[in-house]
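Tertiary structure, described
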Amino acid sequence: MSQFYSPTAIQGGIDEYKGEWKVAQISHLLKRTMFGSNPDDIAYFQKRSVSQTIDELLLTPANPEPPLNFYDTVDYKDPQGIKFGETWVNTIYGDGTVNSKRKASYKYWWVMQMANQKRSIHEKMVLFWHNHFSTEINEVDDARYLYIHNTVLRKYALGNFKEFVKQITLDPAMLKYLNGRLNSKNAPDENYGRELQELFTVGKGIGSKYTEDDVKAAARVLTGFNINNDRIVYNFNINNHDITDKKFSTFYNNTIIKGGITQAGAEKELDDMLTMIFEVEEVSRFICRKFYQFFIYYDITPAVEKDIIEPLAKIFRDNQYEIKPVLRVLFKSQHFFDTNVYGAMIKSPLDLVVGTLREFDVSFPLQKDFVQEYYNLFGEMMRQGQIMQQDIGEPPNVAGWPAYYQAPLFYEIWINSDTYPKRNQYTNTFINSGFTKNTKKIQLDVVAFAKKMPIPNDPNKLINDSLEILYKVPVTTEFVQQVKIDILLSGQSTDYYWTELWDTMISKPNDTNTLNMVTTRLRSLYQYLLALPEYQLS
Amino acid sequence: MKRRDFIQNTFAGVVMPTLLNGLSFKAFGNVDEAAIGDGNILVVVQLSGGNDGLNTVIPIDKYGLYQNARKNIAIPQDKLLKIPQADTLGLNPVMTAFQTMFKEGKAALIQSVGYPNPNFSHFRATDIWNTASDSNVFVNNGWTGRYLAINNPNYPTGYPSTKYPDPLAIQIGSVVNTALQGPVQSMAMAISNPSSFYNLIANKVESTPNTLAGKELKFLREVANQTNLYANSIQGAAAKVTKQVTYPNTSLANKLKIVAQLIGGGLKTKVYYVSMGGFDTHSNQVNTSDTTTGTHANLWKTVSDAIKAFSDDLVGLGVSKKVLGLTYSEFGRRVKSNASGGTDHGAAAPMFMFGDLVNPIVLGKSPEIAASPSTNDNLTMQYDFRSVYASILTQWFCLDQAYVDDVLLKDFQPLPLVQVQACGKITANEPITITEDLISNYPNPFADSTTLTFHTKGGHTMIQIFDNIGRVISVPVDGEYEAGSQQVIVNTSDFNSGMYFARLQNGEIQQVHRMVK
């Protein structure tokens, strides 16, 4: 692969990292594998080793409760009689109006899962796979399909990749999105057969040499699979299935897949085809490159290909395409913890939106008492990501968001003269006035955040410790001094004034004047820090 | 703003041939309210830390009491700089540049500016000055921000616009002063430091480390610069000014130089804030060998020289009539010096104003100093700082009084601080010279009660009684009165024994009288 830009190469291979395990390393790992590095999570993992931490991050958490009816109002009731606060995922489609409300419920719910994520990489992996097996809500256009699709992403996010591909191939949302349901022997639709190879498994790197005939053959294997709309599962119609043998190119070792004449036979064809595809080593390399570009850095240099991708791909194959062993080695590697990796990535909009609210531990109204407000506040978070060009569930096309793959800009695609000010407006608003839905407000609690710092009454330490969590790039001592004097000390040169103010706030918790003085200054401080380019880096 | 519609339909200038304290006030009817004051610019110089006013402006008429109160830091009387406006005071000997400005009629001094119940915390006091709140009220937006929001309630949505192509306000510094915080948004943009300013006008980006993160940081900073909606107008204005006077090489002077460059280049920004720290002189504020030198002297040499250079530069750039300047600090310092050769956090202090159209006066008397001052003694306020703000709003920004009440959160009487032609409005352009005592009490010293006698010119009249720290103990008079001499008996049985100050406020007339229990 080409070398886009590497002023200094990332050092270290996949050998296990044995170096320092402090806030800098932990927050790096958490920012990359979760949404933001929350101070409580950092403190939690500080008591564990690197290895224990990563093992724990790779656990799959329990399934979340499904999305709910938050949309019933005085004037509008769910036509299927789903009660306010109950889930709609098992009901019938209904009509366009309720479907659009359920789609909103689904999107808000998804951002909710990100914000409420457990200490696990799982939610980031769901996003990774959403970008990989891309579908668009407005194309699929049935909230129930989308929810089921989401449960597949969740089930296999840290599971077996080969089995994952099979489930995605037969997933109703995917059968609809890439026209698999219309794929029949008399009018084969090559859409899925192509993307299966080009985007989902083999990729289009230099090691990928499948042919147009392979696309056609794959499409023929998949003829006859459509959707049972009542049960929302795949359905097989033998009359639409091409029962002839399918012959693949030399890239696939001239494999011939025997035509099946029953549903079981057709499903065996799919299994055989996946076995054939997964025989190609390029599959393991392609996915490992995607992991690398999503989690580490976009530039796959020849050295990275040789020292990182190759060994990871071998681990992937040796483990029958189990995902966890690969990620375990990748995140435990010296390469991942090389300081040159820190801050080298521009946060995606969702990373910024959800990461910020997680780093500041924003508390939402209780879902059980305020379903509507709860959903709508996450809706606002969803919308923030949307206006910054990452609309969850709505990637621009089947290839996912260009920032994750498009050379040579990659993550820089997220940033332009429209989106950058929106990022600043988001953090400014979140700090100063918060977001309100029907009198329920969410706002960054800057005082609570500062209280989590080890020595918040020392203005130098408060700033430095905050920066250790918020920034992954170093700042100058002059910067810290300037921010300290201009903001925390209101122009004074004596640190003690901040210490005195902070201590007074702690010793007199009912003194609102002092609390206000601290709050004003901390809001200015964090507003300033979160608006700078440094905060856009992960 | 709630009064806007009302105001816009109201005749702006009212002819009021009143004789007020011997001065005639004239009003210009039918003035184009929209046009006047439009080009007027305010430059606010914040002196952080709490300036020691008594060693900045030294009372010559009370020199013995002054010298007695601060033996270790008093400045010799023969070194003080005289100004033509008042022979009762002298400036700190380093302030020769300011002395020249007073002589040229380009500077004004307001004695003992403060507010009732002063706060001695830097943070709280700074907030009070910036938000213009009462000392027991917490407000989270600022006086200039509220002023700018009157005509720009939706800022920044839709800005820059044809009518407002330039920033409404500029903070030279990384963080915008709370004074510029509007009800919803900050009304100002910050230019963090001279180097970032030069980067902005040269369209350069700060250097970044040669790392993978540095590459992205550079990219982000470039976009951030492009998205500065005012980059073009600032670059354009700065480029028009190629020649400026020589400024001293100090941080404050460098900041003011940028301000002059932008004003000279035609930027329509109305308010600039610059700040300078270091005024928190708890110890060693003078050199004991020569009290005319040392930390505090250096601070004021810096301020005075920088402002004089700025003033000269504005003349050279042909914009000096458009600019009014103001200095403030969050508090003054105690009357009595401490044993470390410094002074502790205090209350009222003098404020300076400067500009071609400033009313070049000294307002107020020398502060009261006790013969045996206690360590807690403060200068008693003669003027509320919000009266200074009210003067700027009405006489410089030509704002209708009804708006002023909104901006300053309640009614504050303007003082005659700006020459009439700035707005063509009702303002005195000569100092109010009050020679007679307008307030007295008997008996003095008093025990359980005392009778205050005061003269009012009529209208709203208020008397506040402060203790030596500045706390309001009683407000025996607060209402509408007929012109003439009035009396009121004050029950003082609850007063602790000590020094008290009765402050009379009647329109722009403010006078302080000392009493003892």
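Residues numbered from 1 in each chain as written. Chains lettered and ligands numbered in written order. Predicted model: local features only at pLDDT ≥ 70, side-chain atom pairs only at ≥ 80, totals over all residues.

**Quick notes on unusual backbone geometry**
Looking along the chain, the bond that leaves Ala407 of chain A and enters Pro408 of chain A is cis, with omega of 0°. With respect to the element layout, Pro408 of chain A can be found in the loop between helix 17 (371–387) and helix 18 (419–432). Of note, the amide linkage connecting Tyr442 of chain B to Pro443 of chain B takes the cis form, showing an omega dihedral of -10°. Positive phi, close to 65°, is recorded for Asn179 of chain A, a residue that is not glycine. With respect to the element layout, Asn179 of chain A can be found in the loop between helix 9 (172–177) and helix 10 (191–201). By the C-beta count within 10 Å, which is 14 here, Asn179 of chain A ends up partly exposed. If you check the backbone angles, Ser112 of chain B has positive phi at about 45° while not being a glycine. Locating Ser112 of chain B in the fold gives a position in strand 7 (residues 107–114). (Helix = DSSP H or I, 4+ residues; strand = E, 2+ residues; numbered from the N terminus. Buried ≥ 20, exposed ≤ 12 C-beta atoms within 10 Å, placed from the backbone.)

**A few points about the nonpolar core**
The biggest cluster of nonpolar side chains holds 298 residues, and the ones touching the most others in it are Val111, Leu312 and Phe378 of chain A together with Val259, Met353 and Val388 of chain B. In this view, Val259 of chain B contacts Val43, Ile172, Tyr272 and Val274 of chain B; residues no more than four positions away in its chain are not counted. In this structure, Ile463, Ile465, Phe466 and Leu504 of chain B belong to the second largest nonpolar core, which totals 14 residues. (Core = buried A, V, L, I, M, F, W, Y, C linked by C-beta atoms within 7 Å. Contact = placed C-beta atoms within 7 Å.)

**Describing the packing of helix 14 (residues 302–318) of chain A against helix 15 (residues 323–331) of chain A**
All names here are of chain A. Direction vectors running N to C along helix 14 and helix 15 enclose 150°, while the axes themselves pass 8 Å from each other. With respect to their mutual orientation, helix 14 and helix 15 come out roughly antiparallel. Seen along the crossing, helix 14 lies across helix 15 with a hand that is right-handed. Across the interface between the two elements, Leu312, Ile315 and Phe316 of helix 14 pack against Pro325, Val326, Val329 and Leu330 of helix 15. (Axes fitted to C-alpha atoms, helices over the stretch in contact; angles between N-to-C directions. Parallel < 35°, antiparallel > 145°, perpendicular 65-115°, else oblique. Left-handed = near helix turned anticlockwise from the far one by under 90°.)

**Side note on the confidence of the model for chain B**
Residues and elements named next belong to chain B. On average, residues of chain B score 87 in pLDDT, and 88% of them are at 70 or above. Note on residues 1–36: pLDDT under 50 across the span, and 43 contacts to partners over four residues away in sequence or across chains. For residues 426–431, every residue scores under 50 in pLDDT, and the model assigns this stretch 17 contacts once sequence neighbours within four places are set aside. Scoring the predicted complex yields pTM 0.83 and, for the interface, ipTM 0.92. (pLDDT = per-residue confidence, 0-100.)

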